[in-house]
Amino acid sequence: MTHHDKRTRRDALKCLGFGSAGTLFALAGGVLTPIDLAAAIPSGEPRPVHHKPLFVQISDTHIGFSKDANPDVAGTLNRTIDIVNGMAHKPALVIHTGDITHLCKAEEFDQAQQLLSRLRVTELHTVPGEHDTTDPNAAQYFDRFGKASHNKGYYSFDHAGVHFMALVNVMEFKNGGLGTLGEQQLAWAIGDLKHRSASTPIVVFAHMPLWSVYEPWGWGTGDVAPLLAQLKRFGSVTVLNGHIHQIVQKVEGNMTFHTARSTAFPQPVGGEAAGPGPLKVPAEQLQKMLGVTTVSLIERPRSLALNDTTLAGAE
Amino acid sequence: MNRFLLVGLAGLLAASGAPAAPPAAPQVEVTIENYHFVPATLEIAAGTTIIWRNKDDDAHTVMDASGAFRSDALDEGQSYTHTFAKPGTYRIACSMHPQMMETIVVQ
């Protein structure tokens, strides 16, 4: 490897500090444990990955966004994809948990698809975010990504003995409320789990949090309780989302709730700003902040602590 | 001379059968700031046009909760207008951020 190559990789990691990466999940003892991508491939020689990667979660790419918080969201997505493609053990799946685009424009979807097509994985699974569904009937999203769900948006699939449920909580509008699954989808989801063995690891993913993170900013799903009740009997449940552009985790019994970073820009901690808008942070501060949440997950895979190690420490 | 020409032009327009707009049709501006409609409640006369202008660097929509009208995603600086012809109470929301609400009473 030439000096130039090393430099490029280190620079890519720095940029991940600005825009972040995805989150890698490995199946360890029946429990899916999140591992930070940037830490999985630090600068210099690749660090050995102890768990076989199952999938990568990418979220909130916001293609079309060009404000101060990140004028080059295509660039940060590209670097994220480089990291995924450069992983020593490639995951078969990538899950995109929504807000693929920023303004739901055809050209934004086209660009996002073009960028994501560089991912060297066998399957890309998606759920829409509220930014992807503002056009009439969410036609832009469904024309491109509706096939897997027969244009419902929600669907399930199995991979490597793990059952995945893709849910949509951004399309049924409740005035003044939180994200909503809606009766039809809830009934489907509960039915989908009914005859499954409790030993099957379950991964549920949606765009908005499926648990209450910060309700004044709408960071939750109002009608999810009946589904969570059904999930309790399973030995390993991982509930994933994007939307809030930062990592927040909660463990409740056998259920791990985990929110992913954006590849585009960070958002403030719930309630710690006037609103949840894009966070404009000096580069060094941002790098340190992101580093805190990510790298600690690598050093202690079963720990859900989000502090102690910075991204700068992983360089 | 100028005044005479303007009056003449107005006369021509009136004669051409263009719909008679009420004189100085009222317009009210609502801003979208920090994930809020400002003001959150508003009383207007029937026939008033509201202009919603997004001042956030995130995108928002303007949607009548009953589904009567809905904007596309508005980027920062973009606006959407709607004229309220009929009296009533209208609940306005952002379809992207359901916590954002506005009540408009049309007299």
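Residues numbered from 1 in each chain as written. Chains lettered and ligands numbered in written order. Predicted model: local features only at pLDDT ≥ 70, side-chain atom pairs only at ≥ 80, totals over all residues. Heavy atoms only, no water.

### Remarks on the sheet that holds strand β5 (residues 63-64) of chain B
All names here are of chain B.
In step 1: With mixed pairing, the four strands of this open sheet are ordered in space as β3-β8-β7-β5. Here the strands that pair on one side only, and so sit at the sheet edges, are β3 (41-44) and β5.
In step 2: In the sheet, β3 pairs with strand β8 (residues 97-106) via four bridges, with the strands oriented parallel. Residue pairing in the sheet places Thr41 in a bridge with Thr103 of β8. (Pairing = 2+ DSSP bridges. Helix = DSSP H or I, 4+ residues; strand = E, 2+ residues; numbered from the N terminus.)

### Focus: the side chain of Glu130(A)
In step 1: By the secondary structure assignment, Glu130(A) is in the loop between β5 (123-126) and α5 (139-145).
In step 2: For Glu130(A), which is buried and forms no salt bridge, the nearest opposite charge comes from Arg70(B), at a distance of 11 Å.
In step 3: Among the polar contacts made by the side chain of Glu130(A), one reaches the side chain of His243(A) at a distance of 3.3 Å. (Buried < 20%, exposed > 50% of the residue type's maximum accessible area, 1.4 Å probe, protein only. Lys, Arg positive; Asp, Glu negative; His and termini not counted. Salt bridge = Lys/Arg side-chain N within 4 Å of Asp/Glu carboxyl O. Polar contact = N/O pair within 3.5 Å; in protein donor to acceptor, adjacent residues only side chain to side chain.)

### Comments concerning the interface of chain B and chain A
In step 1: Chain B puts 24 residues into the contact, and the matching count from chain A is 25 residues.
In step 2: Between the two partners, chain B and chain A, sit two salt bridges.
In step 3: Here chain B and chain A share six residue pairs in polar contact (both at pLDDT 80 or more) between them.
In step 4: Sorting the residues of the side of chain B that touches chain A by element identifies β7 (88-94) and β8 of chain B as the ones contributing at least two each.
In step 5: Per-element accounting of the side of chain B that touches chain A gives the leading share, four residues, to β8(B).
In step 6: Looking at the side of chain B that touches chain A residue by residue, the classes come out as 11 nonpolar, six polar and seven charged. (Contact = heavy atoms within 4.5 Å. Nonpolar A, V, L, I, M, F, W, Y, C, P; charged D, E, K, R; others polar.)

### A look at the sheet that holds strand β2 (residues 36-38) of chain B
All names here are of chain B.
In step 1: Judged by pairing direction, the sheet is mixed, and its four strands sit side by side in the order β2-β1-β4-β6 without closing on themselves. Each end of this open sheet is capped by a strand with a single partner; those strands are β2 and β6 (79-84). Sheet twist, expressed as the average angle between the axes of neighbouring strands with direction ignored, equals 25°.
In step 2: Looking at chain direction, strand β1 (residues 27-33) and strand β4 (residues 48-54) are connected through six bridges and run parallel. Note that in β4 the partner of Val30 across the bridge is Trp52. (Axes fitted to C-alpha atoms, helices over the stretch in contact; angles between N-to-C directions.)

### As for unusual backbone geometry
In step 1: In this model, Val38(B) is joined to Pro39(B) through a cis peptide bond whose omega is 0°.
In step 2: By secondary structure assignment, the location of Pro39(B) is in the loop between β2 and β3.
In step 3: Notably, His150(A) is not glycine yet its phi reads approximately 50°, a positive angle.
In step 4: You can see His150(A) is positioned in the loop between α5 and β6 (155-159).
In step 5: Residue Tyr35(B) is not a glycine yet carries a positive backbone phi of 65°.
In step 6: Taking the relative accessible area as the measure of exposure, Tyr35(B) reaches 5% and is therefore buried.

### Some thoughts on the confidence of the model for chain A
In step 1: When the pLDDT values of chain A are averaged, the result is 78; 73% of them are 70 or greater.
In step 2: Here residues 287-315 of chain A is a poorly scored stretch, pLDDT under 50, and it has 78 contacts once near neighbours within four places are set aside; other chains count. (pLDDT = per-residue confidence, 0-100.)

### Here we look at the pairing of strand β9 (residues 237-241) of chain A
Residues and elements named next belong to chain A.
In step 1: With respect to burial, β9 is a largely interior element, five of its five residues being buried.
In step 2: Where burial is concerned, the two faces of β9 agree: the one with Val237, Val239 and Asn241 and the one with Thr238 and Leu240 are both buried.
In step 3: As defined by bridge partners, strand β8 (residues 202-205) adjoins β9 across four bridges and the pair is classed as parallel. Note on β9: the bridge partner recorded for Val204 is Val239.
In step 4: For the handedness criterion, the β-α-β arrangement of β8, helix α7 (residues 225-231) and β9 is classed as right-handed.
In step 5: As paired elements, β9 and strand β11 (residues 255-259) share five bridges and run parallel to each other. Bridge pairing in β11 links Val237 to Met255. (Right-handed = clockwise from strand over helix to strand, strands pointing away.)

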